[in-house]
Amino acid sequence: MFSALLLGAAILFSTLTHNLAEAKVVVTSDIPCRPFHEIYPSGRELCEKMWDGSFVYETNRSRAYTMWFFDQDNPNDDVTRNLGLSAPSLCHLRYLHKDTPGPEPDTFAECHPWKENSCCTEDTVSSVQKIKQSYGPEWHWDRCGPLTPACERFFVQEACFYECEPNAGLFRKYPDRHFNASDPSHNRWQMSGMPIWSDFCDAWHRACRNDQFCSHDDGNFFSCAATYTEEQATDGGTVVGIVFGCLVIVALIGVLGFLVFRERTGQPVFKPLEQQVS
């Protein structure tokens, strides 16, 4: 009898520890995932909805920034002038950015278009993995599963653009003249209303059309990141419960093992009833 209980406790302990390991990660099925083309009907919705209004779909090429280029000179500087704005001498976005734009070393490869004048350091964008990990797991673009290489490349290009493009800081949502440090809704890293070339948005949509992405709040990446935090808090409660259960099972196994040992050595802790009466 005791042996059977001991075996059952061991099995239960194994199950609980397995569940504990699974509780440490976000389960993909807990995240609302759908194909890109079901979340974003076109490139316009992708660029404007995914980034919570950071970007605006613009068909006039002379007034639209691009998130990637191969020219020796940055074409986004011309766009800034066409919009009647002054070229920035500072990196206005404040997160992992430098204070002022400037050149990076020859080894600056992942975000190479901005090598000559960048608001990011080589260390920040040294590889795709480093870029993806920079802001934490809630901002991973592959939370719904691996993306196709063509689709993932657009996320890398957007990340390079955000980190490295000096002109991006001209569209900070809360510029210094409006920023209120005492207002918790204000920050120095978020963008708003930057016009992006429509062809780039459309190409991104085509590349990711059948890939899976978080569909929470109509595909708002900011809201998707917030749901990760909520899920982690829920998982934390689950982990505490599992840990407590494991500790109980360990104690039970120890007690049962002791009882079995005493029984097999002829010194049972609990004697049969007739022996107790006599």
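Residues numbered from 1 in each chain as written. Predicted model: local features only at pLDDT ≥ 70, side-chain atom pairs only at ≥ 80, totals over all residues. Heavy atoms only, no water.

A. Region of interest: the overall build of the chain. Per the secondary structure count, the chain includes nine helices and four strands. Reading the chain from its N end, one meets helices and strands in the order α-β-α-α-β-α-α-α-β-α-β-α-α. When each of the 278 residues of the chain is scored for burial, the buried share is 41%. Counting only contacts in the chain whose residues sit at least 6 apart along the sequence, the fraction spanning at least 24 positions is 68%. Carbon and sulfur atoms form 56% of the exposed surface of the chain, whose accessible area is close to 15,000 Å². (Helix = DSSP H or I, 4+ residues; strand = E, 2+ residues; numbered from the N terminus. Buried < 20%, exposed > 50% of the residue type's maximum accessible area, 1.4 Å probe, protein only. Contact = heavy atoms within 4.5 Å. Areas by Shrake-Rupley, 256 points an atom, 1.4 Å probe, with all protein chains shown as cover.)

B. The arrangement of the nonpolar core in detail. Core analysis: the biggest nonpolar cluster contains 48 residues, and F36, M50, F155, M194, I196 and W204 have the highest contact counts within it. Counting only elements with at least two residues in this core, the list comes to α2 (36-39), α3 (43-50), β2 (55-58), α6 (149-164), β3 (194-197), α7 (198-208), β4 (212-214) and α8 (221-264). Top contributing element to this core by residue count: α6, with nine residues. When neighbours within four sequence positions are excluded, F36 is seen to be in contact with L46, M50, C151, F155, C208, R209, D211, Q212 and F213. (Core = buried A, V, L, I, M, F, W, Y, C linked by side-chain atoms within 4.5 Å.)

C. Up close: the state of the cysteines. A complete count under the given rule lists seven disulfides for this structure. A disulfide bridge connects C33 with C144, and the sulfur atoms are separated by 2.0 Å. Its torsion about the S-S bond being -85 degrees, the disulfide of C33 and C144 is classed as left-handed. Taken together, the residues C33 in strand β1 (residues 33-35) and C144 in the loop between α5 (128-133) and α6 connect sequence positions 111 residues apart. Residue C120 pairs covalently with C164 via a disulfide, S to S 2.0 Å. The disulfide joining C120 to C164 has a torsion of about 85 degrees about its S-S bond and is therefore right-handed. Residue C120 is found in the loop between α4 (76-82) and α5, and its partner C164 is found in helix α6; the two are separated by 44 residues along the sequence. What makes C120 buried here is its relative accessible area of 0%. For C164, a relative accessible area of 0% gives the class buried. (Disulfide = S-S within 2.5 Å.)

D. Just the packing of aromatic side chains, in detail. Per the stated rule, a full pass over the model turns up 23 aromatic pairs. Taking the centre distance of 5.3 Å and the plane angle of 65 degrees together, the rings of W139 and F221 count as edge-to-face. Pair noted here: W139 is in the loop between α5 and α6 and F221 is in helix α8, with a separation of 82 residues, a long-range link. Judged by relative accessible area, which is 23%, W139 ranks as partly exposed. For F221, a relative accessible area of 3% corresponds to the buried category. The ring of W68 has R153 sitting right over it, with the charged end atom 5.4 Å from the ring centre. (Phe/Tyr/Trp six-rings, centres within 6.5 Å; stacked < 30°, edge-to-face > 60°. Lys NZ or Arg CZ within 6 Å of the ring centre and 35° of its normal.)

E. Region of interest: the packing of α6 against α7. Two numbers describe how α6 lies on α7: the axes approach to 7 Å, and their chain directions differ by 145 degrees. Crossing of α6 over α7 shows left-handed handedness. Residues A150, C151, F154, F155, Q157 and E158 of α6 form the contact with α7, whose participating residues are F200, A203, W204, A207 and C208. Among the residues making up the contact of α6 with α7, the classes are represented as nine nonpolar, one polar and one charged. (Axes fitted to C-alpha atoms, helices over the stretch in contact; angles between N-to-C directions. Left-handed = near helix turned anticlockwise from the far one by under 90°. Nonpolar A, V, L, I, M, F, W, Y, C, P; charged D, E, K, R; others polar.)

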